[in-house]
Amino acid sequence: MRKKGFILIRQHRWLILLALLSLVLRLSMLTWGTGIDEHTGYYHPDEHKAWRSMTNFPGNYLNNHRYEYGTALQYTLAICCYPVNIGWNKIGVLFGGIDRLQFNVLAFRFVNSLFGVGCVFLVFKLGRKLYDGMTAWFAAALVALGYYHVINSPICSLDVPMSFFVTLLLLLVPWAFERKSKRAFVLLGMATGYLIGMKIYA
């Protein structure tokens with residue numbers, strides 16, 4: 001199993017290097033506007049809608065009336081970070097002076113950056129499936145290094161995660177109908193449901 005994994009990594013080493021480069025570019029802007037460093041002191045104007053749902057969890061669970069702006073991702077992250085947030089409320093400031101809000105924003109941005117890197121792999125897979133290797137490489141490089149995608153990945157918005165799941169669905173739909181198995185359609189249904197849970201008009 002380990003040998004098979006090593007062979008797989010070796011076969012895709014250039015794609016992995018491209019993905020690592022895209023991750024470095026995204027993480028380089030992780031602290032933008034958080035007050036942690038000396039740079040700008042403002043959040044992206046859309047970010048508060050996303051991180052507020054995460055930081056106010058679970059008290060806001062039944063109080064969200066903006067149904068077009070889903071909360072699937074925010075609540076998933078809130079559940080994952082809930083033990084840390086409980087400790088934060090009891091202890092106060094952790095991790096070298098970073099407050100609870102900054103921690104949640106950074107966690108959200110980090111996960112969004114991973115979704116951005118995931119888009120590189122999915123676009124490569126889609127390009128190779130629909131066209132050829134050259135098209136796949138060109139498309140993956142555009143996503144990995146493209147200015148708009150890079151700057152939108154490390155912010156608390158739903159655009160990059162949505163693009164990840166939309167691209168994933170473009171791969172899952174033909175795969176499910178080719179396989180014709182319950183497992184395939186369950187995975188397709190879960191991905192579709194999660195995407196709708198992020199934004200109903202996705």
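Everything that follows concerns the structure shown earlier in this document.
Let us look at the structure shown here. (Residues numbered from 1 in each chain as written. Predicted model: local features only at pLDDT ≥ 70, side-chain atom pairs only at ≥ 80, totals over all residues. Heavy atoms only, no water.)

**Examining the overall build of the protein chain**
Step number 1: Secondary structure assignment for the protein chain yields nine helices and zero strands.
Step number 2: Secondary structure elements of the protein chain, listed N to C terminal, follow the sequence α-α-α-α-α-α-α-α-α.
Step number 3: The buried share among the 202 residues of the protein chain stands at 41%.
Step number 4: When contacts within the protein chain are restricted to residue pairs at least 6 apart in sequence, those whose partners lie at least 24 apart make up 68%.
Step number 5: Surface summary for the protein chain: the accessible area is close to 12,200 Å², and the carbon and sulfur share equals 69%. (Helix = DSSP H or I, 4+ residues; strand = E, 2+ residues; numbered from the N terminus. Buried < 20%, exposed > 50% of the residue type's maximum accessible area, 1.4 Å probe, protein only. Contact = heavy atoms within 4.5 Å. Areas by Shrake-Rupley, 256 points an atom, 1.4 Å probe, with all protein chains shown as cover.)

**A look at the packing of helix α2 (residues 13-27) against helix α6 (residues 133-145)**
Step number 1: Look at α2 against α6: their axes get within 9 Å of each other, and the N-to-C directions meet at 20°. Compared by their axis directions, α2 and α6 come out roughly parallel. As α2 packs across α6, the resulting crossing turns out to be left-handed. Residues W14, L15, L18, L21, S22, L25 and R26 of α2 form the contact with α6, whose participating residues are W137, A140, A141, V143, A144 and L145.
Step number 2: Counted by class, the contact of α2 with α6 contains 11 nonpolar, one polar and one charged residues. (Axes fitted to C-alpha atoms, helices over the stretch in contact; angles between N-to-C directions. Parallel < 35°, antiparallel > 145°, perpendicular 65-115°, else oblique. Left-handed = near helix turned anticlockwise from the far one by under 90°. Nonpolar A, V, L, I, M, F, W, Y, C, P; charged D, E, K, R; others polar.)

**Looking at the pattern of salt bridges**
Step number 1: Using the criterion set out here, one finds one salt bridge in the structure.
Step number 2: In this structure, the salt-bridge partner of K129 is E178, at a minimum N-O distance of 4.0 Å. On the criterion of sequence distance, the pair formed by K129 in helix α5 (residues 100-130) and E178 in helix α8 (residues 159-179) is long-range, its members being 49 residues apart.
Step number 3: Of the residues examined, K129 reaches a relative accessible area of 46% and is grouped as partly exposed. (Salt bridge = Lys/Arg side-chain N within 4 Å of Asp/Glu carboxyl O.)

**Quick word on the packing of aromatic side chains**
Working definition: an aromatic ring pair is given by the centre-to-centre distance plus the angle between the planes.
Step number 1: All told, the structure shown has six aromatic pairs when counted by the stated rule.
Step number 2: On the numbers, 5.1 Å between centres and 65° between planes, the contact of F115 with F164 is edge-to-face. Note that F115 is positioned in helix α5 and F164 in helix α8, a separation of 49 residues in sequence. Accessibility classification places F115 together with F164 in one group, the buried group.
Step number 3: A ring pair is formed by F177 and F185, whose centres lie 5.3 Å apart and whose planes are at 85°; its orientation type is edge-to-face.
Step number 4: On the accessibility criterion, F185 (34% relative accessible area) is partly exposed. (Phe/Tyr/Trp six-rings, centres within 6.5 Å; stacked < 30°, edge-to-face > 60°.)

**Remarks on the environment of T31**
Step number 1: Following the sequence through the fold, T31 ends up in the loop between α2 and α3 (47-55).
Step number 2: Judged by its relative accessible area of 24%, T31 falls in the partly exposed class.
Step number 3: Considering only alpha carbons, one finds T31 and P154, 123 residues apart in sequence, at a separation of 8.7 Å.

**Focus on the state of the cysteines**
Linking two cysteines covalently via their sulfur atoms produces the bond known as a disulfide.
Step number 1: Under the counting rule described, the total for this entry stands at zero disulfides.
Step number 2: Looking at the unpaired C80, the closest cysteine sulfur is the one in C81, lying at 6.5 Å. (Disulfide = S-S within 2.5 Å.)

**With respect to a nonpolar patch on the surface**
Step number 1: Taken together, W14, L17, L20 and W137 make up a surface patch of nonpolar side chains, about 440 Å² in accessible area.
Step number 2: If one sorts the elements of the nonpolar patch by residue count, α2 sits on top with three residues.
Step number 3: Topologically, W14 is positioned in helix α2. (Patch = residues over 30% accessible without salt bridge, like charges linked within 9 Å, V, L, I, M, F, W, Y side chains within 5 Å.)

**With respect to the nonpolar core**
Step number 1: Membership of the largest hydrophobic core comes to 47 residues, with the highest contact counts inside it found for F108 and F165.
Step number 2: Secondary-structure elements contributing two or more residues to this core are α2, α3, α4 (72-91), α5, α6, α8 and α9 (182-198).
Step number 3: Setting aside chain neighbours within four positions, we find F165 in contact with F115, A191, Y194, L195 and M198. (Core = buried A, V, L, I, M, F, W, Y, C linked by side-chain atoms within 4.5 Å.)

**Brief notes about unusual backbone geometry**
Step number 1: Unlike most non-glycine residues, K180 shows phi in positive territory, near 55°.
Step number 2: On the basis of relative accessible area, K180 is assigned to the exposed category, the value being 66%.

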